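Spelled out from the first residue to the last, the chains are:
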Amino acid sequence: MTTLLVLAKAPVAGRVKTRLTPPFRPEEAALLAEAALCDTLAAVLAAPVRRRLLVLDGVPGDWLPAGIEVIPQSGGGLDERLAAAFGLCTGPALLVGMDTPQLTPELLAPALAADAWQGCDAWFGPALDGGFWALGLAVPDPALLLGVPMSVPETGAVQRARLLDAGLAVRDLPPLRDVDTARDATLVAAEAPDSRFAAALGRLAGAGAR
């Protein structure tokens, strides 16, 4: 079975979701980040996988549920940290981030099915901002990520091309929106109205209206 990885930052004010400030204060952005991370981990816990790893920049808090292993993130750029996360795995691995609280086990299901790796070497989940929200590798080769320019509009295209250039058979997951800006937060909350993220955003909006 597949190992499911989550690459994340601990939800500490001033260190996460800084593009949400303004309009949100750093403490509010951290609350939204924590809710997004909790939604992500809930989806991971509900997925049928061999192992669940949280590759964390920071210290775990009371938001961490049972059943998730925590491993410290490596240093370096994002490409290096992603590569190191895959380097922790033997056998098929699927990696997601903490920026898509609309994530569900159903969205992950194609890459975690019993036949997910039959005739398939990689799974790719594109993000609407040009990045990617999921990457799965039948053989976790860190070299497939090293040197890919991160956090730019062409990140996803370059990463997917890297997979194809390596001769891998790639299948795609549905595109999702990352939560980077306040507008993203509103749109994602509308897509997942029952999520912890939507509830946290609603509480902040209500507090601001009073």
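Look up: the structure comes first, before these words.
What counts, and at which threshold
Residues numbered from 1 in each chain as written. Predicted model: local features only at pLDDT ≥ 70, side-chain atom pairs only at ≥ 80, totals over all residues. Heavy atoms only, no water. Helix = DSSP H or I, 4+ residues; strand = E, 2+ residues; numbered from the N terminus. Rg over C-alpha atoms; globule rule 2.2 N^0.38 Å. Buried < 20%, exposed > 50% of the residue type's maximum accessible area, 1.4 Å probe, protein only. Contact = heavy atoms within 4.5 Å. Areas by Shrake-Rupley, 256 points an atom, 1.4 Å probe, with all protein chains shown as cover. Lys, Arg positive; Asp, Glu negative; His and termini not counted. Charge placed at Lys NZ, Arg CZ, Asp CG, Glu CD. Polar contact = N/O pair within 3.5 Å; in protein donor to acceptor, adjacent residues only side chain to side chain. Pairing = 2+ DSSP bridges. Right-handed = clockwise from strand over helix to strand, strands pointing away. 1 Å grid on protein atoms, 1.4 Å probe; cavity = no way out; pocket = protein on both sides within 12 Å on 5 of 7 lines; lining within 4 Å. Points joined across faces, edges and corners; volume = space filled by probe spheres on them. Nonpolar A, V, L, I, M, F, W, Y, C, P; charged D, E, K, R; others polar. Phe/Tyr/Trp six-rings, centres within 6.5 Å; stacked < 30°, edge-to-face > 60°.

Q: Where do I start with the overall build of the protein chain in this structure?
A: Counting its secondary structure elements, the protein chain contains 6 helices and 7 strands. Relative to a compact globule of 210 residues, whose C-alpha radius of gyration would be 17 Å, the protein chain shows 16 Å and is just as compact. Relative to its 210 residues, the protein chain shows a buried fraction of 48%. Put simply, 64% of the contacts in the protein chain that link residues at least 6 apart link residues at least 24 apart. Accessible area of the protein chain: about 9,300 Å², with a carbon and sulfur share of 57%. Each charge sign in the protein chain was given a centre, from 17 positive and 23 negative side chains, and these centres are 3 Å apart.

Q: Which parts of the structure should I look at to understand the side chain of Thr 3?
A: Mapping Thr 3 onto the fold places it in strand 1 (residues 3–9). Within the structure, the side chain of Thr 3 is placed 3.1 Å from the side chain of Arg 50, a separation counted as a polar contact.

Q: Looking at this structure, how should I read the pairing of strand 1?
A: Two faces, one strand: in a regular strand the side chains alternate between the faces of the sheet. Most of strand 1 is tucked away, with 6 of its 7 residues classed as buried. Where strand 1 meets strand 2 (residues 51–57), 7 bridges bridge the pair, whose relative direction is parallel. When the sheet's bridge partners are listed, Val 6 is paired in strand 2 with Leu 54. Traced from strand 1 through helix 1 (residues 26–45) to strand 2, the parallel crossover comes out right-handed.

Q: Which parts of the structure should I look at to understand the layout of surface pockets?
A: Any space left empty among the atoms is revealed by the rolling of a water-sized probe across them. Space inside the largest pocket adds up to approximately 1,000 Å³. Along the walls of the largest pocket sit 36 residues, with Leu 78, Asp 99, Ser 151, Asp 178 and Asp 180 positioned nearest its centre. Mapped by element, the contributors of at least two residues to the lining of the largest pocket are strand 1, helix 2 (78–87), strand 4 (93–96) and strand 6 (132–137). Across the lining of the largest pocket, the residue classes break down as 16 nonpolar, 9 polar and 11 charged.

Q: When you look at unusual backbone geometry in this model, what are you seeing that I'm missing?
A: Among all residues except glycine, the phi angle is most often negative; among peptide bonds, the trans geometry is most common. Cis geometry marks the peptide bond from Thr 21 to Pro 22, where omega comes out at -15°. Between Pro 22 and Pro 23 the backbone carries a cis peptide bond, its omega angle lying at 15°. Within the element layout of this structure, Pro 23 appears in the loop between strand 1 and helix 1. For Lys 17, which is not glycine, the phi dihedral falls at a positive 50°. Topologically, Lys 17 is positioned in the loop between strand 1 and helix 1. For Ser 151, which is not glycine, the phi torsion reads 60° and is therefore positive. With respect to the helices and strands, Ser 151 occurs in the loop between strand 6 and helix 4 (155–165). In this structure Ser 151 comes out as exposed when scored by relative accessible area, which is 72%.

Q: Help me out: how do you make sense of the packing of aromatic side chains in this one?
A: How two aromatic rings sit relative to each other is set out by the distance from centre to centre and by the angle between their planes. Taken as a whole and judged by the stated rule, the model has 1 aromatic pair. Here Phe 124 and Phe 132 contribute two aromatic rings whose centre-to-centre distance is 5.6 Å and whose plane-to-plane angle is 45°, an arrangement assigned as tilted. Here Phe 124 falls in the buried class, since its relative accessible area comes to 3%.

That is the geometry; function is a separate question.
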